[in-house]
Amino acid sequence: MPPDPVLRAAVRWLERLPTSGAARLCALFATHHDFSDITPTQYDAAYAWLQSTGLLNEGRSSVAVPRRVFDAAIAHSGAPWLPDADMLVRSPDELPDDVLRAASSLGLDEAEAFSHLRAVWGRVDARERERIGAAGEQALVGLLAASTDARVEHVAAWSDGFGYDIAVCSSRYPSRLEVKTTTRRRRLTVYLSRNEYETMRHDPCWELVALRLTADLQPEAVCTVLREWVASQVPADRARQGRWEACRLDVPPDAIVPGIPRLSPVLHEGCSPLLNGAAGWPT
């Protein structure tokens, strides 16, 4: 998190830039006594930080400037806890000290800070899941293509409506793989859509496959999530007027098997150990 004076300086920049140029404001901040509580160096640091976060390039917004600055401070903090904030920060009482400090500096109370943190985590998590998910599908297609003579089709590349991402086309051992990807080592969380679940229910060739990537998006491990476990964990529709459309599953170690056992009959003898389970699933 930037220091408190830098955050407050960032607010002053954003509030005044729409009506005054940067050069004029720089002179104002350096000479007017109303702004002397923050040093010229801190104003310069705030301007550079606004550039790095992209806030200077945003158009007009109905969100108050201090709240926009607070959101950017969290999103661009690089805090190691942010990817797991949904589990680590479950109430305002669990807010990290740096978040509380930034919130206080910008005039937000704990409840507002918690609400903004959850919103920022949701946006960051969605972007990361999309980025990592696409890399995981491509990586698994590459592993499969090098490990079997069966035709491998990346069906999600042209439509996400099939209920699975990759088809391994074999006359005797067809497989349809729904791929979930993570870079986390001690946590496997997957998001399952209703369409994917209904496909699992009606298609015996469907498998839920998890891929773990390294920080540079290289495949590190592959496992299959037991479909019986999935079926036991998804929500139940309690009335005709209510229906779940997506759910999050936190998968325990005893609900997975390393590799993709269903593919064993069509894999080459020297296939990737990630696919035949020889590499295991690190915990």
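Residues numbered from 1 in each chain as written. Predicted model: local features only at pLDDT ≥ 70, side-chain atom pairs only at ≥ 80, totals over all residues. Heavy atoms only, no water.

Peer 1: So what's going on with the pattern of salt bridges? Residues and values would help.
Peer 2: In total, this model carries 25 salt bridges according to the counting rule given. The partner of Glu245 in a salt bridge is Arg243, with the nearest N and O atoms 2.6 Å apart. (Salt bridge = Lys/Arg side-chain N within 4 Å of Asp/Glu carboxyl O.)

Peer 1: Would you mind going over the layout of surface pockets in detail, with residue names and values included?
Peer 2: Its volume calculated, the largest pocket comes out at about 860 Å³. Around the largest pocket, the lining is made up of 38 residues, and of these Asp125, Glu128, Arg129, Glu130 and Thr181 lie nearest the centre. Elements that contribute at least two residues to the lining of the largest pocket include exactly α7 (110-145), β3 (175-182), β4 (189-193) and β7 (246-250). The element that contributes the greatest number of residues to the lining of the largest pocket is α7, accounting for 10 residues. Its residues placed into classes, the lining of the largest pocket shows 16 nonpolar, seven polar and 15 charged. The computed volume of the second largest pocket comes to approximately 240 Å³. As for the second largest pocket, its lining consists of 13 residues, and the residues nearest its centre are Leu14, Pro18, Gly59, Arg60 and Arg68. When residues of the lining of the second largest pocket are traced back to their parent elements, those giving at least two are α1 (4-16) and α4 (65-75). Here the lining of the second largest pocket is built from residues that sort into seven nonpolar, two polar and four charged. (1 Å grid on protein atoms, 1.4 Å probe; cavity = no way out; pocket = protein on both sides within 12 Å on 5 of 7 lines; lining within 4 Å. Points joined across faces, edges and corners; volume = space filled by probe spheres on them. Helix = DSSP H or I, 4+ residues; strand = E, 2+ residues; numbered from the N terminus. Nonpolar A, V, L, I, M, F, W, Y, C, P; charged D, E, K, R; others polar.)

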